[in-house]
Structure formats: structure tokens, C-alpha cells
Amino acid sequence: MSIRIAGTGRYIPEKVLTNADLERMVDTNDEWIRTRTGIEERHIAAENETTSDMAYQAGLQAIEAAGITGSDIDLIIVATTTPDYAFPNTATLLQNRFGAKNAFCFDIYTACTGLISSLEIAFALLESRKTYRHALVFGAEKLSCITNWTDRNTCVLFGDGASCVLLEKDDGAEESALLASALHANGQYANILKLPAGGSAMPACQKSIDENLHTIHMEGKETFKLAVGSMVSACEEVIAQAGISPDDIALVIPHQANIRIIQAVAKRLTVPNEKVYCNVAKYGNTSAASIGICFDEAVRAGQIKRGDIVLMTSFGGGLTWGAILIRY
Ligand code: COA
């Protein structure tokens, strides 16, 4: 049995918010944002555009690339921290739009580690369930709706977007596209990156609104330090698991949070910069969507070819982090 990547897709909302725009909103400047983060602009969804709207567009591209129809889909997983609703889940909303009446649907809630977590789960379910053949895996975020636009520490970092990876099982072939994976979490650091209100700990109330508690709260420096070490160790783990050398990797796709984090990870892995995908300048941090957006861009640009080994690594709220090795 083999499970292959049969299609990919992405969606970036039209509206661009540049560093110059942010200079007019908070006490910041283009030079600070570029040198500290590498971000030049980010895209922001329209007011009435939801996470599922963006995911739908990315999904259409993946379905077209794979040459299947909605009724062929057996599983839909959406990784997001900004679902349209607490329930119904976002995947179910997409099921309806794709006409995927046979699919089981759920959302995954591991922040920026969402896409790689969902891919591992999708591979496992395709493997264990005889009747499953196709899985649609999404990373999709409308972070602009949980961003505090008066907090310069965070509002310059994030953007909106969606991505999709379509997995297909073939009983005849031998090799799985998932070569190795390592997923981890440490709840000891739950407080350094969180959305304080809107859950059962603090349902929406006047205080939660007055104090901006429905927005991202982050200890940037601490997050930065933990991000580099965790991603490097997860990458080393999957490289060892697969028994390959870093030279065998065609492309590394790190979560796009900050160019300094990306470069530090690449340096410690001794991977040359040209093998490290980076588009953080254009989109900022799109959380669960970021790795899939990079993957789709690289596939469509011919930067990843069939047979290439791709290393994906991510880090986010929870804390959660991990790495997966894929043969495209
Ligand atoms: N414009 C100008 N100044 C800003 C600013 C902005 N947008 N945001 C913060 N500052 C100021 C702070 O007020 C602080 O000033 P002070 O020293 O007078 O108090 C100073 O810049 C902060 O500097 P420093 O802490 O050295 O910044 P940094 O090099 O750690 O960069 C981040 C800050 C947030 C860019 C960086 O820590 C980071 O990327 N962290 C990880 C974030 C992340 O990846 N989160 C998501 C994980 S999925």
C-alpha cells in the first residue's frame, strides 16, 4: 500500500497590509519590522471572508490537481486556531461545499504545528481504514480576527491565508510518502503564547472585550528561544529515524514565523540557505497555513519534483512542535 501526495493548493486573500500601513496604526517602523522579523507585508482577509472560505479556494486547487471529485473524499481535517465557529467544525462546513458526503470531518487545534500534525493523522487513518482512499488536509487561518491591532509587539507579525494537501492511497504501490515524523508538546509553556478568552476559562464578557483578551498574547523572546531548539531537535529526530543525511533533503520548509528563526534553524541543521524555503516577507506568520502555502508554491514553481525528500518543521502555541519527512 502507498500513500502519495496527489494535489496541493493555496489561497492568499487579496488585501495587502504593508509595513508602511502599520506605521500609521501603531508606533513601529519598516526598518524594525524587517530587521527583527523579515516581514515586509502580509495579506488580510476581507471582513466577510471566513477561514472556511479561504480553505475552500485552496481545496479546489488541490482537488483539481489530483483529478478527483468531492464524492471521492473520505476524510477532511482542518488545522486552525481561527475556526469559523467553535462548532460545527470547519471541516464539516467544507464537506458541504465540496459535496464530500462520504467524508468524516474534524478540526485540529495545535496552532502553528497544525498542518504537520494533521498530515501525520491523515496518513495514519488512511493506513488503518481499509475504505479510506482520499484525505484533504488543510491549514487555514484568519489571524487578523484575533490580532490586537493596537499592540505593536504582535500585530506586525501575523497574516491570513489557507493551504491544502490532498493524500491518495494506492493499494498496488509500495512506498508511503511519509518517511518519518516527530510530534511533541509541552504544556508547561502554555502561558507564553495564548488566546486568553473565548473558551471555558473565560467566556466572552465585558472584561474580556475591554482588556483585548480575545487576541493573541505572546512572550516573544521566550517563544523565539524555544522555537529554534525545538525545531532543530525534531528535525534531527526525523533525519535519524529515516536513516538519511541532511544532504539527501531537497527542500526544508520551516514554519514561517520570523526570518531569524528560520536562518538559525537552517544553520544548526547545516542546510544551505538555498535549500530552505522562505516566504515570510510576503505573508508574515499565517500559523497553521504557512507550511502548506510554502509547499504549494514550491510544487507549482517546480522547486520540488516527484521523488524529492522534503523536511517540514513547525512550532507553535501549546507549546507544540515537530517535524515530518515527506517523499513527494
Ligand atoms: N516596532 C518597534 N518596536 C517594537 C515593536 C515594533 N513592532 N515590537 C516590539 N518593539 C520593541 C519592544 O517594545 C521592545 O522595546 P524595549 O526594549 O524598549 O522594551 C523591543 O522592541 C523588543 O526588542 P526585543 O525583545 O529585543 O525584540 P526581539 O528581537 O526579540 O524581536 C520578536 C521581537 C517578537 C520579533 C521576536 O521575539 C520573535 O519573533 N519571537 C517569536 C515570535 C513567534 O514566532 N511567534 C509565533 C510562534 S508560532
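Higher on the page you've got the structure.
Parameters at a glance
Residues numbered from 1 in each chain as written. Predicted model: local features only at pLDDT ≥ 70, side-chain atom pairs only at ≥ 80, totals over all residues. Heavy atoms only, no water. Helix = DSSP H or I, 4+ residues; strand = E, 2+ residues; numbered from the N terminus. Rg over C-alpha atoms; globule rule 2.2 N^0.38 Å. Buried < 20%, exposed > 50% of the residue type's maximum accessible area, 1.4 Å probe, protein only. Areas by Shrake-Rupley, 256 points an atom, 1.4 Å probe, with all protein chains shown as cover. Salt bridge = Lys/Arg side-chain N within 4 Å of Asp/Glu carboxyl O. Contact = heavy atoms within 4.5 Å. Phe/Tyr/Trp six-rings, centres within 6.5 Å; stacked < 30°, edge-to-face > 60°. Lys NZ or Arg CZ within 6 Å of the ring centre and 35° of its normal. Polar contact = N/O pair within 3.5 Å; in protein donor to acceptor, adjacent residues only side chain to side chain. Near = heavy atom within 4 Å.

As a further point, take the overall build of the chain. The secondary structure content of the chain amounts to eleven helices and 13 strands. A globule of 328 residues ought to have a C-alpha radius of gyration of about 20 Å, and the chain, at 19 Å, matches this closely. Counting the 328 residues in the chain, one finds 53% classified as buried. Accessible area for the chain stands at about 14,000 Å²; split by element, carbon and sulfur atoms hold 50% of it.

On to the pattern of salt bridges. The final tally for this structure, using the stated rule, is twelve salt bridges. Salt-bridge contacts for R10 lead to E297; the nearest nitrogen and oxygen are separated by 4.0 Å. Taken together, the positions of R10 in strand β1 (residues 2-11) and E297 in helix α11 (residues 290-300) put the pair 287 residues apart, joining distant regions of the chain. The exposure class of R10 is partly exposed, given its relative accessible area of 25%. A relative accessible area of 7% places E297 in the buried class.

What follows deals with the environment of A58. If you trace the backbone, A58 turns up in helix α3 (residues 51-66). Considering only alpha carbons, one finds A58 and G187, 129 residues apart in sequence, at a separation of 32 Å. Not counting the four nearest positions on each side in its chain, A58 is found in contact with G9, R10, Y11, A162, S163 and C164.

Below, the discussion takes up the packing of aromatic side chains. Between two aromatic rings, the relevant description is the distance of the centres plus the angle of the planes. Applying the stated criterion to the full structure yields four aromatic pairs. Each ring, one from F98 and one from F138, has its centre 6.2 Å from the other, and the planes form 15 degrees; the classification is stacked. You can see F98 sitting in helix α4 (residues 90-98) and its partner F138 sitting in strand β6 (residues 134-142), a full 40 residues away along the chain. Here F98 falls in the buried class, since its relative accessible area comes to 11%. Between F104 and F106 the ring centres are 5.9 Å apart and the planes differ by 45 degrees, which places this aromatic pair in the tilted class. Overall, F104 belongs to the partly exposed group, its relative accessible area being 49%. Taken together through their ring pairs, the aromatic side chains of Y56, F98 and F138 make up a single cluster. Note that R97 overlies the ring of Y56, its terminal NZ or CZ placed 4.2 Å from the centroid.

This paragraph deals with the side chain of D296. Structurally, D296 can be placed in helix α11. A distance of 2.6 Å separates the side chain of D296 from the side chain of T8, its partner in a polar contact. Ignoring anything within four residues of it in the chain, the contact list for D296 reads T8, G9, R10 and Q61.

Taken together, 23 residues lie around the ligand, and T28, R36, R152, K221 and N258 are the ones closest in. Residue T28 places a side-chain N or O atom 2.6 Å away from a nitrogen atom belonging to the ligand. At a separation of 2.7 Å, an oxygen atom of the ligand approaches a polar side-chain atom of N258. For the ligand, the protein covers 74% of the area, taking 970 Å² as the surface of the free molecule. Secondary-structure elements contributing two or more residues to the shell around the ligand are α2 (30-37), α6 (152-155), α8 (220-242), α9 (259-268) and β12 (309-316). Counting residues per element, the shell around the ligand draws most heavily on α8, which supplies four residues.

Turning our attention to the side chain of T28. Positionally, T28 belongs in the loop between α1 (19-23) and α2. Classification of T28 by relative accessible area gives buried; the value is 13%. Contact partners of T28, with chain neighbours within four places excluded, come to L22, E23, I33 and V156.

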